[in-house]
Amino acid sequence: MAGKQMLNIVKMKRMKQEGDPISMITAYDYPSAVLAEEAGVDIILVGDSLGNVVLGYDTTIPVTLDDMVYHSRSVARGARNTFIVTDMPFMTYHGSIDETMRGVSRLMQEGHAQAVKMEGGAEITDTVERIVQAGVPVLGHIGLTPQSVNQIGGYRIQGKDEADAKRLLEDARALEQAGAFGIVLELVTEEVAAYISSELSIPTIGIGAGRGCDGQVLVYHDVLKYTSNYRNKRFVKTFGDIGEQIRTGISAYVQEVKMRQFPAEEHVFTAEEGVLDNLYGKGKAETHS
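In this report, the structure presented in the accompanying data block is examined. What you see is a predicted model; the values in this text were computed from it and never measured.

### Overview of the environment of Val75
You can see Val75 is positioned in helix α4 (residues 65–78). For Val75 and Glu199, which are 124 residues apart along the polypeptide, the C-alpha to C-alpha distance reads 33 Å. Other than its neighbours up to four places away in sequence, Val75 contacts Ala27, Tyr28, Asp29, Ala33, Ile44, Val46 and Ile84.

Written out as structure tokens, the structure reads:
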């Protein structure tokens, strides 16, 4: 979008203070990034959810650092005036700090991200602090953490009882203390998410976490129903159905090809008069006949 000014983490904090909601959407390639920026989205998340919606995996766990670098770089080319956050994929920030920093460096230098996102609470705060100290903004992510789906027993709502709510609040405070500029709250009960948001000075961005967060994020393919056999989700609102439009359009193309209706006269190019007369010696052969 011409004239659009990119957000930064200082402006995001100010947006929280002023009650100005932050809009975030995922994107995984150049054309989706271009359209998201033209639509005026505040932040683009290059999420490891690309494993599910782009690469065809059942979970985000198989997504590699190379995958994230490749897709982040594509998004960055399409959204040059939008703040881009890229996910650190499964098991790329739980080993040595040197290994973690190499991954962060690749996402920033090769993937052209402005920040990285990491799933986890108090257990990753030492790592978050080191990354922030190195000059890299970090977006936290608590609640349902898809990379831990096998450990937590599936895609379950978080914060339903007092103990779980307390754990989430402690994790959020720990991430803020470690220097995270914001926190994604995923599939957290509305009451708990609202309370956490009120207790933090940094913005929260909800996905299935109710109306009390400082911003919202949804997956591109959910917003636009960009898939086949779409499964409705309670926390998602579909704002367009391009999946059906794509199926209808391609089906119409196939039928016109089969019926020889495409290409029609208006889709073809014609050669100058006499071109075929001399093609492959045709004219010469006729002269000597």
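Next comes the rest of the write-up.
### Comments concerning the packing of aromatic side chains
The final tally for this structure, using the stated rule, is 2 aromatic pairs. Between Phe83 and Phe181, the ring centres sit 5.9 Å apart and the planes meet at 80°, which makes this aromatic pair edge-to-face. Taken together, the residues Phe83 in strand β3 (residues 83–87) and Phe181 in the loop between α8 (162–178) and β6 (182–186) connect sequence positions 98 residues apart. Both residues of the pair, Phe83 and Phe181, belong to the buried class. Ring geometry for Tyr253 versus Phe262: centroids 6.1 Å apart, planes at 70°, classification edge-to-face. The partly exposed category is assigned to Phe262, whose relative accessible area is 34%.

### Quick word on the layout of surface pockets
Size it by volume and the largest pocket reaches roughly 840 Å³. What lines the largest pocket is a set of 35 residues, among which Ser49, Asn52, Val219, Asp222 and Lys233 lie closest to the centre. Listed by contribution, the elements that provide at least two residues to the lining of the largest pocket are α3 (50–53), β4 (115–119), β6, β8 (215–218) and α10 (220–223). Its residues assigned to classes, the lining of the largest pocket shows 15 nonpolar, 10 polar and 10 charged. The volume enclosed by the second largest pocket comes to roughly 540 Å³. Taken together, 23 residues make up the lining of the second largest pocket; nearest its centre are Gly208, Ala209, Gly210, Phe235 and Val236. Elements supplying a minimum of two residues to the lining of the second largest pocket: β1 (22–26) and β8.

### Overview of the sheet that holds β1
On the basis of which strands lie adjacent, the closed barrel formed by 8 strands has the order β1-β2-β3-β4-β5-β6-β7-β8 and parallel pairing. Strand-to-strand twist of the sheet, defined as the mean angle between neighbouring strand axes without regard to direction, takes the value 25°. As judged from the 3 bridges shared by β1 and strand β2 (residues 43–46), these two strands associate in the parallel manner. Bridge pairing in β2 places Met24 opposite Ile43. This element, helix α5 (residues 97–109), spans β3 and β4 of the sheet and lies at about 135° to β4. Across the sheet, α8 lies against β5 (138–143) and β6, angled at about 175° from β5, the strand it touches most.

### Section: the pattern of salt bridges
The full count for this structure, using the stated rule, is 10 salt bridges. For Arg167, the salt bridge is made with Asp164, and the minimal N-O distance between the two is 2.5 Å. You can see Arg167 and its partner Asp164 sitting in helix α8, 3 residues apart, about one turn around the helix. Classification of Arg167 by relative accessible area gives partly exposed; the value is 32%. Between Glu244 and Arg247 there is a salt bridge, with its nearest N and O atoms 3.2 Å apart.

### A few points about helix α1 (residues 9–18)
Along α1, the residues classified as buried are Met12, Met15 and Lys16. Take α1 and look down its axis: the buried residues cluster within an arc of 100°, on one side only. Turned more than 90 degrees away from the buried face of α1, the exposed residues are Val10, Gln17 and Glu18. Elements that come into contact with the buried residues of α1 comprise β1, β2, β3 and α9 (190–199). Where α1 begins, one side-chain oxygen reaches toward the backbone nitrogen of Val10, 3.0 Å away; that side chain belongs to Asn8. Following α1 by one or two positions, Gly19 adopts a phi angle in the positive range, close to 75°.

Analysis parameters
- Residues numbered from 1 in each chain as written.
- Predicted model: local features only at pLDDT ≥ 70, side-chain atom pairs only at ≥ 80, totals over all residues.
- Heavy atoms only, no water.
- Helix = DSSP H or I, 4+ residues; strand = E, 2+ residues; numbered from the N terminus.
- Contact = heavy atoms within 4.5 Å.
- Phe/Tyr/Trp six-rings, centres within 6.5 Å; stacked < 30°, edge-to-face > 60°.
- Buried < 20%, exposed > 50% of the residue type's maximum accessible area, 1.4 Å probe, protein only.
- 1 Å grid on protein atoms, 1.4 Å probe; cavity = no way out; pocket = protein on both sides within 12 Å on 5 of 7 lines; lining within 4 Å.
- Points joined across faces, edges and corners; volume = space filled by probe spheres on them.
- Nonpolar A, V, L, I, M, F, W, Y, C, P; charged D, E, K, R; others polar.
- Pairing = 2+ DSSP bridges.
- Axes fitted to C-alpha atoms, helices over the stretch in contact; angles between N-to-C directions.
- Salt bridge = Lys/Arg side-chain N within 4 Å of Asp/Glu carboxyl O.
- Arc of directions from axis to C-beta.
- Polar contact = N/O pair within 3.5 Å; in protein donor to acceptor, adjacent residues only side chain to side chain.

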